[in-house]
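Residue-level listing of the chains:
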Amino acid sequence: MENSPEALIIGAGPAGLMAAEILGSAGHSVTVAEAKPSPARKFLMAGKSGLNLTKAEDMDAFLAAYGAGAAPIYPMLRAFGPDAVQDWARALGQPLFTGSTGRVFPNAMKASPLLRAWLARLDSLGVRIQRRWRWQGWDGGALLIHTPDGLRRLTPRATVLACGGASWARLGSDGAWAAHLPGQVAPFQPANMGFAVDWSPHMQRYLGAPVKGIALRAGSQTSRGEIVISRAGIEGGGIYEVSRAMREGAPLLLDLMPDLTAEDLRARLGRPRGKQSVANHLRKALKWAPEKQALLMEFARPLPDDLAPLIKALPVIHHGPLPMDQAISTAGGLRFDALDTGLMLKDRPGTFAAGEMLDWEAPTGGYLITACLATGRHAGRAAADWLAR
Ligand SMILES: Cc1cc2nc3c(=O)[nH]c(=O)nc-3n(C[C@H](O)[C@H](O)[C@H](O)COP(=O)(O)OP(=O)(O)OC[C@H]3O[C@@H](n4cnc5c(N)ncnc54)[C@H](O)[C@@H]3O)c2cc1C
């Protein structure tokens, strides 16, 4: 056996780094093993769309976004929720702002300044980050770590697994860790993902176009967000918000004119058409973006006489979720019944788990990073208590 740190964290994403911060602050020697050549690659990617850190809303509404299946992490979110996340980021020198929908972002609208300050704080706490160190399961009580210098066998007194979900494998979260926890992992599924659409040739000119000012409905989920017509299908924040219901089989309905009632639409469309084509008549009567008209033509042809119901609830024909690796996050993961309330593996005392690798899911809107930080903090605290015993 080799020299082992007191605490070993597997994975340098937000969950693992938060666990490292807690354990380092408690005075323990901490090493973070990160498979990739640099830490927090997915966190940095999240920064490309502004780094939505959390959602400023009251706690009941906040918890409701995670759904009943995430109840085991509610106490962790109560202890480190939207206010605490904002205080933490500000303490790392990051001024924040809250958008009109309550989403909270750093003024810098990227992750790198926050990550730099965070890594500096961890460094000052003595936390060591080992790059290209890949955890490959256990051999008895020892963790097997593949490193550039060969295979190491480490026996820390506490371990926190924070390996992420199973999307964007190139950023490190490949879900391969599930093989080391047989029988304890709920199958991964895409979450916050786009859906495949087999577009007809005339949609080609709209590829890449955002469609704004619509409402989406699938089952009980609704959204007023924007979607993007992509080569593969429909993507973007609007569809992510209703993607869970769609994954569970609910049809997607688009309201192309959410600010008008069906009666308003009938009044506009009832004006004499004259010799105009239907397309021209629609365009002039509704003054809508060409993408909306294209979507109506794509999914509603042959057009009936009364278009109002279809404009208000256009059924979208799709072929299911786009590949899981392209999803913003994943559902499934390490089941809560395999863990105690300190997020410790019941069958492996001294080993804890946190972040997206746990079996919860949430919409985009800052909920993901907040829960990763909250569970990382909780697992870090439980591990520190374990070490202090
Ligand atoms: C494009 C995009 C945009 C996003 N935007 C937002 C946003 O604005 N707001 C938000 O809340 N969320 C956002 N997310 C989601 C958010 O980034 C993730 O939920 C979060 O990073 C998960 O944190 P984590 O620490 O659990 O795992 P990760 O960030 O995935 O980190 C896990 C780490 O573990 C390492 N690892 C994995 N296996 C091993 C192993 N065997 N050995 C050693 N290391 C290993 C990985 O390399 C990785 O560095 C976005 C995601 C994407 C893809």
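Everything here concerns the structure above.
Within each chain, residue numbers correspond to sequence positions counted from 1 in written order. Only residues with pLDDT of 70 or above have their local features reported here, since the model is predicted, and side-chain atom pairs are shown and tallied only from 80 upward, although totals for entire chains, interfaces and linings are computed over all residues. For the side-chain quantities, the full set of heavy atoms in the structure was used; hydrogens and water were omitted.

Caption draft 1: A look at helix α10 (residues 278–286). Looking at α10, one finds that the buried residues are H281, L282, A285 and L286. Angular distribution of buried residues about the axis of α10 spans 100 degrees; they occupy a single face of the element. Contacts between residues were defined by any pair of non-hydrogen atoms, one from each residue, lying within 4.5 Å. Helix and strand definitions follow DSSP, with helices as H or I runs of at least four residues and strands as E runs of at least two, each counted in order from the N terminus. Where the residues of α10 are buried, they touch α9 (262–269), α11 (290–300) and α12 (308–312). Partly exposed residues are those whose accessible area sits between 20% and 50% of the maximum for their type, while under 20% is buried and over 50% is exposed, using a 1.4 Å probe and protein chains only. The directions from the helix axis to the C-beta atoms are what the arc is built from.

Caption draft 2: Looking closely at the sheet that holds strand β18 (residues 252–255). In this scheme, strands are said to pair when DSSP sees at least two bridges between them. Sheet architecture is open: four strands sit in the order β15-β14-β18-β19, paired in antiparallel fashion. Looking at which strands have only one partner, the edges of the open sheet turn out to be β15 (221–223) and β19 (314–315). As defined by bridge partners, strand β14 (residues 215–218) adjoins β18 across four bridges and the pair is classed as antiparallel. Note that in β18 the partner of A218 across the bridge is L252.

Caption draft 3: Region of the structure containing the packing of helix α1 (residues 14–25) against helix α6 (residues 112–124). An axis is simply a line fitted to the C-alpha atoms; with a helix, the fit covers only the stretch in contact. Between two such axes, the angle follows the N-to-C directions and lies from 0 to 180 degrees. Remark: α1 packs on α6, axes separated minimally by 10 Å, with the N-to-C direction vectors making an angle of 35 degrees. The crossing of α1 and α6 is left-handed. The residues of α6 that touch α1, namely those facing P14, L17, M18, A20 and E21, are L115, W118, L119, R121 and L122. Here the contact of α1 with α6 is composed, by residue class, of eight nonpolar, no polar and two charged. Note: crossing handedness is left-handed where the near helix turns anticlockwise from the far helix by less than a right angle, and right-handed where it turns clockwise. Ten residues, namely Ala, Val, Leu, Ile, Met, Phe, Trp, Tyr, Cys and Pro, are considered nonpolar, four, namely Asp, Glu, Lys and Arg, are considered charged, and the remaining ones, Gly among them, are considered polar.

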